[in-house]
Amino acid sequence: QAPLVESGGGSVQAGGSLRLSCAISINIHRPYYLGWFRQSPGKEREGIATIDSDGNTKYRDRVKGRFTISADNAENVLYLQMNSLILEDTAMYYCAANTGRSAGPLYRLLASQYKYWGQGIQVTVSS
């Protein structure tokens, strides 16, 4: 079984909403941090939202105010609520996890800081 499994992707019109879920099957201990990344064809994978085991969050500016990251620690599920979706949000979305403490919130938006990854799920926003 994959350590992380995303669900909830799909197609939506611009201005709409989607909620991504990430089921975490590995046993990670505090402290830890979790993140959502996305990648469009021809572009690098970019971190868009992260949360640590203390509940601290960090967002990339282009999604701030539209996306919300949260975690259900009891159910081991990570969420990404995406509102006011725009065409540029079209991408493959990945969840990621790592144990320990990062060097800071900005570092948690770097793909290199994560050990565990999901297989990705497509989000397509149309006009």
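Preceding this section is the structure that the text describes.
Computed from a predicted model, the values in this text were never measured in an experiment.

Before we move on, could you go through the overall build of the chain and cite the residues and values that matter?
Scanning the chain from terminus to terminus reveals 0 helices and 11 strands. Element order for the chain, N to C, with α for helix and β for strand: β-β-β-β-β-β-β-β-β-β-β. Within the span of the chain, comprising 127 residues, buried residues form 43% of the whole. The long-range fraction of contacts in the chain, counting pairs at least 24 apart against all pairs at least 6 apart in sequence, stands at 61%. About 6500 Å² of surface is accessible on the chain, with carbon and sulfur atoms providing 47% of the total. For the chain, the distance from the average position of its 13 positive side-chain charges to the average position of its 10 negative side-chain charges is 4 Å.

How would you sum up the nonpolar core? Please name residues and give values.
Counting 29 residues, the largest nonpolar core has Trp 36, Leu 78, Leu 80, Met 82 and Tyr 93 as its most contacted members. For this core, the secondary-structure elements that each account for two or more residues are β3 (18–24), β4 (32–39), β5 (46–52), β7 (67–72), β8 (77–82), β9 (91–99) and β11 (121–126). With residues up to four places along the chain from it excluded, the contact list for Leu 78 reads Leu 20, Ser 21, Cys 22, Ile 24, Leu 34, Gly 35, Trp 36, Ile 51, Ile 69, Ser 70, Ala 71 and Cys 95. The next biggest cluster of nonpolar side chains, apart from the first, holds 5 residues, and it includes Tyr 33, Phe 37, Tyr 94 and Tyr 114.

For the packing of aromatic side chains, give the residues involved together with the corresponding values.
Tallied over the full model, the rule gives 4 aromatic pairs. Plain terms: the ring middles of Tyr 114 and Trp 117 are 6.1 Å apart, the flat faces sit at 65° to each other, and that makes the pair edge-to-face. The class of Trp 117 is partly exposed, set by a relative accessible area of 21%. What links up through ring pairs into an aromatic cluster is the set Tyr 33, Phe 37, Tyr 114 and Trp 117. Looking at Arg 45, its charged tip hangs above the ring of Tyr 94, at a distance of 3.7 Å from the centre. When the ring centre of Trp 117 is taken as reference, the NZ or CZ atom of Arg 45 above it lies at 4.9 Å.

The rules we used
Residues numbered from 1 in each chain as written. Predicted model: local features only at pLDDT ≥ 70, side-chain atom pairs only at ≥ 80, totals over all residues. Heavy atoms only, no water. Helix = DSSP H or I, 4+ residues; strand = E, 2+ residues; numbered from the N terminus. Buried < 20%, exposed > 50% of the residue type's maximum accessible area, 1.4 Å probe, protein only. Contact = heavy atoms within 4.5 Å. Areas by Shrake-Rupley, 256 points an atom, 1.4 Å probe, with all protein chains shown as cover. Lys, Arg positive; Asp, Glu negative; His and termini not counted. Charge placed at Lys NZ, Arg CZ, Asp CG, Glu CD. Core = buried A, V, L, I, M, F, W, Y, C linked by side-chain atoms within 4.5 Å. Phe/Tyr/Trp six-rings, centres within 6.5 Å; stacked < 30°, edge-to-face > 60°. Lys NZ or Arg CZ within 6 Å of the ring centre and 35° of its normal.

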